Amino acid sequence: MNVLLVEPDYRSKFPPLGLMRISAFHKERGDSVSFTRGCSPELRLVPWHRVYVSSLFTYELPRTVKTVEYYLPVVENPAEDLFVGGIGATLLPEYIGRRVPCRVIAGALDRRNALGLGEEAIAEFIPDYTLLNSVAWKYQPEDAYFVRVSMGCIRSCKFCAVPRLEPCFRYLQSVSEQLNAVRAKYGERHDLVILDNNILALEKDRLFRTIDEIKDQGFHKGGRVENKKRAVDFNQGIDARLVTPEIATRLSTICLSPVRLAFDYDSVENEYKTAVELLSSAGFATFTTYVMYNYNDTPESFYRRMSVNLELSVRLGIRVTGFPMRYVPIADIDRHFVSKHWKWRYLRGIQCILNATHGMVSPNPAFFEAAFGQDFEQFLEICAMPERFIIYRNKYAAEADAWRCEYRKLSASDRDTFLDVLESAHKSRSRPRFFESAQRFRLLLHFYYPDES
């Protein structure tokens, strides 16, 4: 067979492991395999026996469908020979199926004959790391083993796609077996990325054996290759609710960096703090914490959770860097969702702050106060500012003071109304006409739309 593997040209940090495993399977059969990102005019001129297109998040499905449509002419029978799989295809298979004739593969490739060629489960194939050499896109990290020890999660969080993608939590394969197989085919790699959704949920003896295997494979604390430090990354994070003193001590025997945790809602605060304290006592000093917002939380909850990270950093002498993650419903095909406790302007304001901080929130107190404010009220005010005032604070300092003077004249109810006006203006197709109906806020609107209002 002549086989084409396609990843749509959305922003993706990690390599497409599903396509890499499909590549390994087809190459083992003796098939010719090519890989590209996005729409390639050259490859569209080639007749292919099969085309596989991956999908990522549901809000990237419109781009995925356009990519699938682009490659429709290259196969004889798209309904049989053009395959679409991955996260988006699993969550919304009907979205793709209604728009393009193709074979949608929903779910993980953990079953026999998923591709209709009598193959073993594709999930058990060692990924083809050489596949990535054919594209200019740089995946991160560039020189790492990517493994999974388990599938699924013991939690059933309603905001999370994992219960739908992988409904059963189970052990897959040992770290040693996976690393030895990769090493034998592709040579030694420098770092180790573990993509489990909740690895700490493994039975205690198996979890500790896994940590020992990681250590014995050369990823012990202080491990180096050619005098360069190695790193282990539990990239999906570890469950703070499952961290015990014994687990923290075991984890300290490997070169885990950074420690990734999640602080998604207020009710886990005590367990989250305890986990950070235990891990800090075990010697860890660098943390990255996912902080979800725009779900069932409030802006005040978000600000307070970010402040908890700051407090832990100062008190324990560590760095807990916040990584805010805006919630989007798992079946949405855009990123426009605004939960009932939030305002569109606040969400846009946070996005502008994160643009300036490269998506991360430093645990440095001076930096935090400059970016997010000294208190909750100042945080809300910053988020309500015009975008350029947030991103370029120094350049527009004088204009921001003038805006602030006008904004503070509004009562609480008027501010609430004004924020709704800003959302309507953002959505309006005829802003001049819209501004005519919002004359009471004319002076403030001029700061946001100086050429229109």
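For the structure, see preceding data.
Residues numbered from 1 in each chain as written. Predicted model: local features only at pLDDT ≥ 70, side-chain atom pairs only at ≥ 80, totals over all residues. Heavy atoms only, no water.

Engineer: Would you mind showing me how to read the packing of aromatic side chains here?
Structural biologist: Within a pair of aromatic rings, the relevant descriptors are the distance that separates the centres and the angle that separates the planes. Counted by the stated rule, this structure contains 29 aromatic pairs. Three or more aromatic residues joined by ring pairs form one cluster here, namely Tyr293, Phe302, Tyr303, Trp342, Phe368, Phe372, Phe376 and Phe379. The side chain of Arg230 reaches across the aromatic face of Phe219, ending 4.0 Å from its centre. (Phe/Tyr/Trp six-rings, centres within 6.5 Å; stacked < 30°, edge-to-face > 60°. Lys NZ or Arg CZ within 6 Å of the ring centre and 35° of its normal.)

Engineer: What is the right way to look at the layout of surface pockets in this model?
Structural biologist: The rolling of a water-molecule-sized probe over the atoms marks out the regions of remaining empty space. The calculated volume of the second largest pocket comes to roughly 320 Å³. Taken together, 18 residues form the lining of the second largest pocket, with Lys221, Ile254, Cys255, Leu256 and Ser257 sitting closest to its centre. In the lining of the second largest pocket, the residues fall into nine nonpolar, six polar and three charged. (1 Å grid on protein atoms, 1.4 Å probe; cavity = no way out; pocket = protein on both sides within 12 Å on 5 of 7 lines; lining within 4 Å. Points joined across faces, edges and corners; volume = space filled by probe spheres on them. Nonpolar A, V, L, I, M, F, W, Y, C, P; charged D, E, K, R; others polar.)

Engineer: Can you help me understand the sheet that holds strand S4 (residues 82-86) in this one?
Structural biologist: Sheets are built from strands that pair by backbone hydrogen bonding, the pairs being arranged parallel or antiparallel. Sheet architecture is open: five strands sit in the order S2-S1-S3-S4-S5, paired in parallel fashion. Pairing within the sheet leaves two strands with one partner each, and these edge strands are strand S2 (32-37) and strand S5 (103-105). Strand-to-strand, the axes of this sheet are offset by a mean angle of 20 degrees, without reference to chain direction. Bridge count between strand S1 (residues 2-7) and S2: six bridges; the pairing is parallel. Considered in S2, the bridge of Val6 is made with Thr36. Seen against the sheet, helix H1 (residues 17-29) touches S1, S2 and strand S3 (50-55) and runs at an angle of roughly 170 degrees to S1. Strands S1, S3 and S4 of the sheet are contacted by helix H3 (residues 61-70), whose axis makes an angle of about 170 degrees with S3. (Pairing = 2+ DSSP bridges. Helix = DSSP H or I, 4+ residues; strand = E, 2+ residues; numbered from the N terminus. Axes fitted to C-alpha atoms, helices over the stretch in contact; angles between N-to-C directions. Contact = heavy atoms within 4.5 Å.)

Engineer: Looking at this structure, how should I read the packing of helix H11 (residues 269-281) against helix H12 (residues 299-316)?
Structural biologist: Helices that pack against each other are described as a pair by the angle of their axes relative to one another and the distance between those axes. Running from N to C, H11 and H12 point in directions that differ by 25 degrees, and their axes come no closer than 11 Å. Between H11 and H12, the crossing angle belongs to the class labelled roughly parallel. Crossing hand, H11 versus H12: right-handed. Of the residues in H12, those touching H11 at Glu269, Tyr272, Lys273, Val276, Glu277 and Ser280 are Arg304, Val308, Asn309, Glu311, Leu312, Arg315 and Leu316. (Parallel < 35°, antiparallel > 145°, perpendicular 65-115°, else oblique. Left-handed = near helix turned anticlockwise from the far one by under 90°.)

Engineer: Please clarify how the side chain of Thr357 should be interpreted in this entry.
Structural biologist: With respect to the helices, strands and loops of the structure, Thr357 is situated in helix H13 (residues 344-357). Dropping the residues within four chain positions of it, Thr357 is found in contact with Phe367 and Ala371.

Engineer: Looking at this model, I keep getting lost on the nonpolar core. Mind explaining?
Structural biologist: Counting residues in each nonpolar core, the largest one holds 70 residues, and the members touching the most others are Val232, Phe234, Ile238, Leu251 and Leu279. When residues in this core are grouped by element, the largest group, six residues, is from H1. Residues in contact with Phe234, not counting those within four places in the same chain, are Ile194, Ile199, Ile214, Leu251, Ile254, Leu256 and Arg260. Among the nonpolar cores identified, the runner-up in size contains 46 residues, and Met306, Tyr346, Phe376 and Ala438 belong to it. (Core = buried A, V, L, I, M, F, W, Y, C linked by side-chain atoms within 4.5 Å. Buried < 20%, exposed > 50% of the residue type's maximum accessible area, 1.4 Å probe, protein only.)

Engineer: Help me understand unusual backbone geometry, please; the structure alone is not making it clear to me.
Structural biologist: Negative phi values dominate among residues other than glycine, just as trans dominates among peptide bonds. Residue Pro141 is bonded to the preceding Gln140 through a cis peptide linkage, with omega at -15 degrees. In the segment running from Ser257 into Pro258, the intervening peptide bond is cis, with an omega of -5 degrees. Inspection of the secondary structure puts Pro258 in the loop between helix H10 (245-251) and strand S13 (259-262). Phi angles above zero are rare outside glycine, and Asn113 is one such case at about 60 degrees. Residue position: Asn113 is located in the loop between S5 and strand S6 (144-147). A relative accessible area of 41% means that Asn113 is categorised as partly exposed. Unusually for a residue other than glycine, Asn294 sits at a positive phi of about 75 degrees. Tracing the sequence through the fold places Asn294 in the loop between strand S14 (286-293) and H12. We classify Asn294 as buried; its relative accessible area is 0%.

Engineer: Sorry, what's going on with the sheet that holds S13 here?
Structural biologist: Spatial strand order, S13-S14-S15: three strands in an open sheet with parallel pairing. Pairing within the sheet leaves two strands with one partner each, and these edge strands are S13 and strand S15 (319-326). Strand-to-strand twist across the sheet, computed as the mean angle between neighbouring axes with direction ignored, equals 25 degrees. In the sheet, S13 pairs with S14 via four bridges, with the strands oriented parallel.

Engineer: Explain empty space enclosed by the protein to me, please; I cannot follow it from the model alone.
Structural biologist: In this structure the tally under the stated criterion is one cavity of 30 Å³ or more. Of the pockets and cavities examined, the largest cavity occupies roughly 40 Å³. The wall of the largest cavity is formed by Met306, Asn309, Leu310, Val320, Gly322, Val361, Ser362, Pro363 and Phe368. At the level of secondary structure, the elements contributing two or more residues to the lining of the largest cavity comprise H12 and S15. Counting residues per element, the lining of the largest cavity draws most heavily on H12, at three residues. Here the lining of the largest cavity is built from residues that sort into six nonpolar, three polar and no charged.

Engineer: I tried to follow the environment of Ala144 on my own but got confused; where do I start?
Structural biologist: You can see Ala144 is positioned in strand S6. For Ala144, a relative accessible area of 0% corresponds to the buried category. For the pair formed by Ala144 and Val232, sequence separation is 88 residues and the distance between their alpha carbons is 9.3 Å. Once residues within four sequence positions are removed from consideration, Ala144 is found in contact with Tyr129, Arg189, Asp191, Leu192 and Val193.

Engineer: Just checking my understanding: could you explain the state of the cysteines for this structure?
Structural biologist: By definition, a disulfide links the sulfur atoms of two cysteine residues through a covalent bond. Evaluation of the coordinates by the stated rule reveals zero disulfides. The thiol of Cys39 is not disulfide-bonded; the next cysteine sulfur, from Cys102, is found 14 Å away. With no disulfide of its own, Cys168 has Cys153 as its nearest cysteine by sulfur position, at a separation of 12 Å. For Cys168, a relative accessible area of 53% puts it in the exposed group. (Disulfide = S-S within 2.5 Å.)

Engineer: Sorry, what's going on with H12 here?
Structural biologist: Three- or four-residue spacings in an α-helix give side chains the same orientation, since the helix completes a turn every 3.6 residues. Between its first and last C-alpha, H12 extends 26 Å over 18 residues, near the 26 Å set by a 1.5 Å rise per residue. Buried residues along H12 sit in contact with H11, S14, S15, H13, helix H14 (365-372) and helix H15 (376-384). (Expected span 1.5 Å × (residues − 1).)

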